[in-house]
Each structure stands twice: as C-alpha cells, then as structure tokens.
Amino acid sequence: MILLIRILIKIVKIICAFYLMIFSIGFIFPTHIRQNALYLYDALSTTENIPADVWVLGATILFLILWFGMKTLYKLFTT
C-alpha cells in the first residue's frame, strides 16, 4: 500500500512539473495565452461573490504545482 502511495505521489509530481513547464513555455511564446491569463485574473478579481473555499482550493493547487513542479523540473534538467 505504501508503494502504491509513493507511485501516485511521483505521478502527481511529474504531472505538476509538466504543467508548470507547459505553462511557462506558454507565457514565453504566444501572446494570446498571456491575455487569457490576465482576463481570467481580471474576471476573478472583479467578481463579488466567490466563496472562500474556491480561493483556498485554487491557492492550494497553485502552491502544489509550483512546489512539486519546480523540484521535479530541476531533477529532470539535472539528469
């Protein structure tokens, strides 16, 4: 059971790393992705009634993507 959990955690780390890599590359090359991200931020920041659990969930997912993604990308690039 512990081996299965470790495998799942590694899979999640790799998915987060690839998401962060694609997201970073998307910010470098096409401008429409940058505009979409700014539009999404603007839409979320001007909305009045977004529940707190949505913000907490979004912040948690962003933290996990950045935390696991940076570590895994570093390991991928060093190998």
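Conventions adopted
Residues numbered from 1 in each chain as written. Predicted model: local features only at pLDDT ≥ 70, side-chain atom pairs only at ≥ 80, totals over all residues. Heavy atoms only, no water. pLDDT = per-residue confidence, 0-100. Helix = DSSP H or I, 4+ residues; strand = E, 2+ residues; numbered from the N terminus. Patch = residues over 30% accessible without salt bridge, like charges linked within 9 Å, V, L, I, M, F, W, Y side chains within 5 Å. Areas by Shrake-Rupley, 256 points an atom, 1.4 Å probe, with all protein chains shown as cover. Salt bridge = Lys/Arg side-chain N within 4 Å of Asp/Glu carboxyl O. Buried < 20%, exposed > 50% of the residue type's maximum accessible area, 1.4 Å probe, protein only. 1 Å grid on protein atoms, 1.4 Å probe; cavity = no way out; pocket = protein on both sides within 12 Å on 5 of 7 lines; lining within 4 Å. Points joined across faces, edges and corners; volume = space filled by probe spheres on them. Nonpolar A, V, L, I, M, F, W, Y, C, P; charged D, E, K, R; others polar.

Caption draft 1: Spatial organisation of the confidence of the model for the protein. With 89% of its residues at a pLDDT of 70 or more, the protein has an overall mean of 77. Here helix α2 (residues 31–46) stands out as the element of the protein with the lowest mean pLDDT, 74, in contrast to helix α1 (residues 2–28), whose mean of 79 is the highest.

Caption draft 2: Focus on a nonpolar patch on the surface. On the surface, a nonpolar cluster with roughly 900 Å² of combined accessible area is contributed by M1, L3, L4, I5, I7, L8, I9, I11 and I15. Position of M1 relative to the elements: it lies in the segment before α1. Note on M1: relative accessible area 74%, which makes it exposed.

Caption draft 3: Layout of the layout of surface pockets. The volume enclosed by the largest pocket comes to roughly 630 Å³. Lining the largest pocket we find 17 residues, and of these Y19, L40, L44, G58 and L62 sit closest to its centre. Among the secondary structure elements, those contributing two or more residues to the lining of the largest pocket are α1, α2 and α3 (52–78). At eight residues, the largest contribution of residues to the lining of the largest pocket is made by α3. When grouped by side-chain class, the residues that make up the lining of the largest pocket number 16 nonpolar, one polar and no charged.

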